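Analysis of the macromolecular model
Each chain, written out:
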Amino acid sequence: MTRQTKRIKAWTGDRLAAHPVSDAIRLVKENAKAKFDESIEIAVNLGVDPRHADQQVRGVVNLPSGTGRDVRVAVIARDAKADEAKAAGAEIVGAEELVERIQGGFMEFDRVIATPDMMALVGRLGKVLGPRGLMPNPRVGTVTPNVGQAVKDAKGGAIEFRTEKTGIIHAGIGKASFTDEQIAANVRALVDALNKAKPSGAKGTYIKKISLSSTMGPGFRIDTGSVSA
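Scope of this entry: the structure provided in the associated data block. Computed from a predicted model, the values in this text were never measured in an experiment.

**Looking at the overall build of the protein**
Of the regular secondary structure elements, the protein holds eight helices and ten strands. Whereas a compact globule of 229 residues would reach a radius of gyration of roughly 17 Å, the protein reaches 19 Å, a difference of no more than 12%. Over its C-alpha atoms, taken along the principal directions, the protein stretches across nearly 55 × 45 × 30 Å. A burial count over the protein gives 47% of its 229 residues as buried. Accessible area for the protein stands at about 11,700 Å²; split by element, carbon and sulfur atoms hold 48% of it.

**Details of helix H2 (residues 21-30)**
All of the buried residues in H2 are Val21, Ala24, Ile25, Leu27 and Val28. Viewed end-on, H2 has its buried residues packed into an arc of 165°, placing them on one side of the element. Of the surrounding elements, those touching the buried residues of H2 are strand E1 (18-19), strand E2 (39-46), helix H8 (180-196), strand E9 (207-214) and strand E10 (219-222).

**Digging into the sheet that holds E10**
Strand order in this open sheet of five strands is E1-E10-E9-E2-E8, and the pairing throughout is mixed. Single-partner strands in this sheet number two, and they are E1 and strand E8 (168-175). Against the sheet, H8 touches E2, E8, E9 and E10, its axis set at about 155° to E8.

**Considerations on the sheet that holds strand E5 (residues 92-94)**
In spatial order, the strands read E5-E4-E6; together these three strands make up an open sheet with parallel pairing. Since the sheet does not close on itself, it has two edges, and those belong to E5 and strand E6 (111-114), each with one partner. Adjacent strand axes in the sheet meet at a mean angle of 15° when their direction is disregarded. Of the strand pairs in this sheet, strand E4 (residues 73-76) and E6 are connected by four bridges, and their pairing is parallel. Bridge pairing in E6 places Val73 opposite Arg111. In the packing of helix H7 (residues 147-156) onto the sheet, the strands contacted are E4 and E6, and the crossing angle to E4 comes to about 165°.

**Points about the pairing of E10**
Alternating positions in E10 separate cleanly, Phe220 and Ile222 being buried on one face and Gly219 and Arg221 remaining unburied on the opposite face. Summarising the sheet, E1 and E10 pair through two bridges and their orientation is parallel. Bridge assignment links Ala18 to a residue of E10, and that residue is Arg221. A loop of four residues connects E9 with E10, the two strands running antiparallel in sequence.

**Quick notes on the packing of helix H3 (residues 79-88) against H7**
Following both chains from N to C, one finds H3 and H7 inclined at 25°, their axes separated by 8 Å at the closest point. Taken together, the axes of H3 and H7 lie roughly parallel to each other. Crossing of H3 against H7: the hand is right-handed. Residues Lys81, Glu84, Ala85 and Ala88 of H3 lie in contact with H7, whose contacting residues are Val147, Gly148, Val151 and Lys152.

**Some words on the packing of aromatic side chains**
According to the stated counting rule, one finds one aromatic pair in the structure shown. Sitting above the plane of the Phe106 ring, Arg101 keeps its charged end 3.9 Å from the centroid.

**A look at the nonpolar core**
Judged by nonpolar contacts, the single largest core of 37 residues is most densely connected at Ile42, Ile173, Val187 and Leu212. For this core, the elements supplying multiple residues, two or more each, are H2, E2, strand E7 (158-162), E8, H8, E9 and E10. Here this core gets eight residues from one element, more than from any other, and that element is H8. Residue contacts for Ile173: discarding those within four places in its chain leaves Ile40, Ile42, Leu63, Gly66, Phe178, Ile183, Asn186, Val187, Leu190 and Leu212. By size, the runner-up hydrophobic cluster in this structure holds 18 residues, among which are Ile76, Leu98, Leu129 and Met135.

Procedures and definitions
- Residues numbered from 1 in each chain as written.
- Predicted model: local features only at pLDDT ≥ 70, side-chain atom pairs only at ≥ 80, totals over all residues.
- Heavy atoms only, no water.
- Helix = DSSP H or I, 4+ residues; strand = E, 2+ residues; numbered from the N terminus.
- Rg over C-alpha atoms; globule rule 2.2 N^0.38 Å.
- Buried < 20%, exposed > 50% of the residue type's maximum accessible area, 1.4 Å probe, protein only.
- Areas by Shrake-Rupley, 256 points an atom, 1.4 Å probe, with all protein chains shown as cover.
- Arc of directions from axis to C-beta.
- Contact = heavy atoms within 4.5 Å.
- Pairing = 2+ DSSP bridges.
- Axes fitted to C-alpha atoms, helices over the stretch in contact; angles between N-to-C directions.
- Parallel < 35°, antiparallel > 145°, perpendicular 65-115°, else oblique.
- Left-handed = near helix turned anticlockwise from the far one by under 90°.
- Phe/Tyr/Trp six-rings, centres within 6.5 Å; stacked < 30°, edge-to-face > 60°.
- Lys NZ or Arg CZ within 6 Å of the ring centre and 35° of its normal.
- Core = buried A, V, L, I, M, F, W, Y, C linked by side-chain atoms within 4.5 Å.

Here you go:
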């Protein structure tokens, strides 16, 4: 507890003000003092009520600077498509046997991709993958006949985003070791994707608040006007 208190007291920067995106990134990096390469995370408060079907926000965005983390990809496919997935770098590939492993508790992956013809099998995994946000979905490109490209995208910086019950989007957008410019590019790419995904039912201010933080550090608000739409 004492060590945690010292860490918090050592934090610097105004955590109440809304900063230009460049300043917010600088402050987050200055406070990322852990002995490991901390992840940089963003939280975007949207003016939507996800309880209504016409106000749900979900999609996928390719971060230009990548995420800085190794993404373990599982692909549910067979025959030539399974071979395509393996050639693209998928760590785990299978059909019925893979579905059975996942039903049995196997969860050593970060993304699940499936071919359309396997959805009858994949449907059995809804209760397992759904709560974890891992259920393949054609809306975010994880149900596709082009599994090779989907695997490459997942490993190259593609991330999914989806509003939580409170209307907030959380996402990892890089590492503290990234340059300021790399992080800023990822922030702008995500905000741009969110603007493009604005639902028809959203009223009033859509992007209400943006905060940036590191794994062990404080959060800093970003002036939404400093992030190009």
